[in-house]
Amino acid sequence: MQMKNIAVLTSGGDSPGMNACVRAVVRTIKYHGLNAYGIMRGYQGMIEGDIVELQSRDVSNILQRGGTILKTARSKEFLTIQGRQKAFDNLQKHNIDGFVVIGGDGSCRGALQFYKDFNVPSMATPGTIDNDLAGSDFTIGFDTAINTAVDAIDKIRDTADSHNRLFIVEVMGRDAGYIALHSGLACGAENILIPERKESMQEVIERIADNNKRQKLMSIIVVAEGDEMGGAHHVDKYLKEFYPNLDSRISILGHIQRGGSPTCADRILASRTGYAAVEGLLNGRSQAMVGVINNEIAYTPFDEVVKLTQPIKADMMEMIKVLSV
Ligand code: ADP
């Protein structure tokens, strides 16, 4: 069946570059002379029928903007068949033949379930700052998030150095340590604590003892929020049990990592995957996430995306120990 009406939505956690991807999807649909629709607030907007037709001009001047003009949401109702039935009825009202969802693995899971229920074709692009999706070397928003973190940690280092203090900086990443790993390596952090590497706390204790011996008084620990140690506060408490007089400060970077104008790398990734998602749909592909692997477009079936995660590269794990002396 030749598609005539294709929708786009942003879903789950937001990430810088989502707008660039929306733009690429809409412009590619319009290039083919088809109708483009924007679904507001992710799957929740699909359930509520919050759907608008979009022209090429509606996505002008958004390439460089953070956030998402379509808004995003998490939808509990979409987890139920009744919710998904309402969503399907609304797509039918607009004669929507398929959609592109920009989001993380939860959004892929939703699209896969929706296909099983109602046979509506869809493609996804990897919109998440966490970089934890199988099927793409990098995800849309990750590069911007780590550059924001690097900028902040560099500033923290200045004050840490002035006062000879230990700073524990918490970055985002509940289940994945990619942001902590990349920003920590790029800032020369003395320790990086990530959920994927459990043995590291003992190393921190040893490193502090060693630093004391060498009179190295200032140091930065970067910790992922979701580390089993429970983020920066937990790490600080743990360290103070060993070193009650430790002069430490905590800095939680928080949501600044989700905002801001996307970097060039994120704009290109968003544009390439958005374009390829629509081309894929028009060529009869569906139920796959479009990613970039080794600088080539790659389509990974949803059932693989939802089962696998992107493991941290072993050589980078090793580097943490070697470079942060
Ligand atoms: P992300 O896409 O960033 O991983 P979430 O995990 O919150 O974000 O998923 C986004 C939305 O996808 C959820 O709020 C829900 O509406 C939908 N979703 C996730 N898992 C399922 C599922 N198993 N069945 C149906 N919908 C789902």
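This section reports on the structure supplied with the text. Worth saying up front: this structure is predicted, and the values here are computed from it rather than measured.

This part is about the packing of helix α7 (residues 200-213) against helix α8 (residues 231-242). Interaxial distance between α7 and α8 falls to 11 Å at its minimum, and their mutual angle equals 50°. If you check the angle between α7 and α8, you find them oblique. Considering only the axes of α7 and α8, their crossing is right-handed. Between α7 and α8, the contacting residues are Met 201, Val 204, Ile 205 and Ile 208 on the first element and Val 235, Tyr 238, Leu 239 and Phe 242 on the second. Classifying every residue of the contact of α7 with α8 gives eight nonpolar, no polar and no charged.

Right, let's talk about the environment of His 163 for a bit. Relative to the elements of secondary structure, His 163 occurs in helix α5 (residues 142-163). You can call His 163 partly exposed: its relative accessible area is 45%. For the pair formed by His 163 and Asp 247, sequence separation is 84 residues and the distance between their alpha carbons is 9.2 Å.

Quick look at helix α1 (residues 18-31) now. For α1, which comprises 14 residues, the first-to-last C-alpha distance of 20 Å matches the rise-based estimate of 20 Å (1.5 Å per residue) to within 8%. α1 sits mainly inside the fold: ten of its 14 residues count as buried. By the burial criterion, the buried members of α1 are Met 18, Asn 19, Ala 20, Cys 21, Val 22, Ala 24, Val 25, Val 26, Thr 28 and Ile 29. In the core, the buried residues of α1 are packed alongside β1 (5-10), β2 (35-39), β3 (51-54), β4 (98-103), β5 (122-126) and α9 (264-282). Just past α1, the residue Gly 33 takes up positive phi, approximately 75°.

Turning next to the pairing of β5. Among the five residues that make up β5, five are buried, leaving the element largely enclosed by the rest of the structure. Neither face of β5 is exposed, since Ser 122, Ala 124 and Pro 126 on one face and Met 123 and Thr 125 on the opposite face are all buried. Assessed by its sense of winding, the connection that carries the chain from β4 through helix α4 (residues 105-118) to β5 is right-handed. Looking at chain direction, β5 and strand β10 (residues 288-293) are connected through two bridges and run parallel. Bridge pairing in β10 places Ala 124 opposite Met 289.

Leaving glycine aside, a negative phi is the common case for residues, and trans is the common case for peptide bonds. For Asn 131, which is not glycine, the phi dihedral falls at a positive 60°. Looking at where Asn 131 falls in the secondary structure, it is placed in the loop between β5 and α5.

The ligand sits among 16 residues. The nearest are Arg 74, Ser 75, Gly 104, Gly 106 and Ser 107. Contact between the ligand and Asp 105: an oxygen atom at 3.2 Å from a side-chain N or O atom of the residue. Taking 560 Å² as the accessible area of the ligand by itself, protein coverage stands at 80%. The element that contributes the greatest number of residues to the shell around the ligand is α4, accounting for six residues. Of the residues in the shell around the ligand, the class split is three nonpolar, nine polar and four charged.

We now examine a nonpolar patch on the surface. Residues Met 319, Val 322 and Leu 323 make up a contiguous nonpolar surface patch of about 280 Å² in total accessible area. Along the polypeptide, Leu 323 turns up in helix α11 (residues 314-323). On the basis of relative accessible area, Leu 323 is assigned to the exposed category, the value being 59%.

Reading guide: rules and limits
Sequence order as written defines residue numbering, which begins from 1 separately in each chain. Local features are withheld for residues below a pLDDT of 70 in this predicted model, meaning they are given only at 70 or higher, and side-chain atom pairs are given and counted only at 80 or more; totals for whole chains, interfaces and linings count all residues. Hydrogens and waters are ignored; side-chain quantities use all the structure's heavy atoms. Every axis in this analysis is a line fitted to C-alpha atoms, fitted for helices over the stretch in contact. Angles between the N-to-C directions lie between 0 and 180 degrees. Strands are runs of DSSP state E lasting at least two residues, helices are runs of H or I lasting at least four, and both sets are numbered from the N terminus onward. Each angle gets one of four labels, with under 35 degrees taken as roughly parallel, over 145 as roughly antiparallel, 65 to 115 as roughly perpendicular, and the rest as oblique. In a left-handed crossing the near helix is turned counterclockwise from the far helix by less than a right angle, and in a right-handed crossing that turn is clockwise. We call two residues in contact whenever any of their non-hydrogen atoms come within 4.5 Å of each other. Polar here means any residue outside two lists: the nonpolar Ala, Val, Leu, Ile, Met, Phe, Trp, Tyr, Cys and Pro, and the charged Asp, Glu, Lys and Arg; Gly therefore counts as polar. Exposure classes here rest on a 1.4 Å probe applied to the protein chains alone. A residue is buried below 20% of its type maximum, exposed above 50%, and partly exposed in between. To estimate the expected span of a helix, subtract one from its residue number and multiply by 1.5 Å. When the strands point away from the viewer and the path from the first strand over the helix to the second turns clockwise, the crossover is right-handed. Whether two strands pair comes down to DSSP finding at least two bridges between them. Being near a molecule or strand, for a residue, means having at least one of its heavy atoms within 4 Å of it. The definition of a polar contact used here is a pair of N or O atoms within 3.5 Å, where within protein one atom must be able to donate a hydrogen and the other to accept one, and adjacent residues in sequence count solely through side-chain atom pairs. Areas reported here follow the Shrake-Rupley algorithm with a probe of radius 1.4 Å; residue values treat only the protein chains shown as occluding. Here, patches come from residues exposed beyond 30% relative accessible area and free of salt bridges, joined within 9 Å for like charges and within 5 Å for nonpolar side chains (Val, Leu, Ile, Met, Phe, Trp, Tyr). The rule for a salt bridge is simple: a side-chain nitrogen of Lys or Arg has to be within 4 Å of a carboxyl oxygen of Asp or Glu.

Read these as geometric descriptors, not functional statements.
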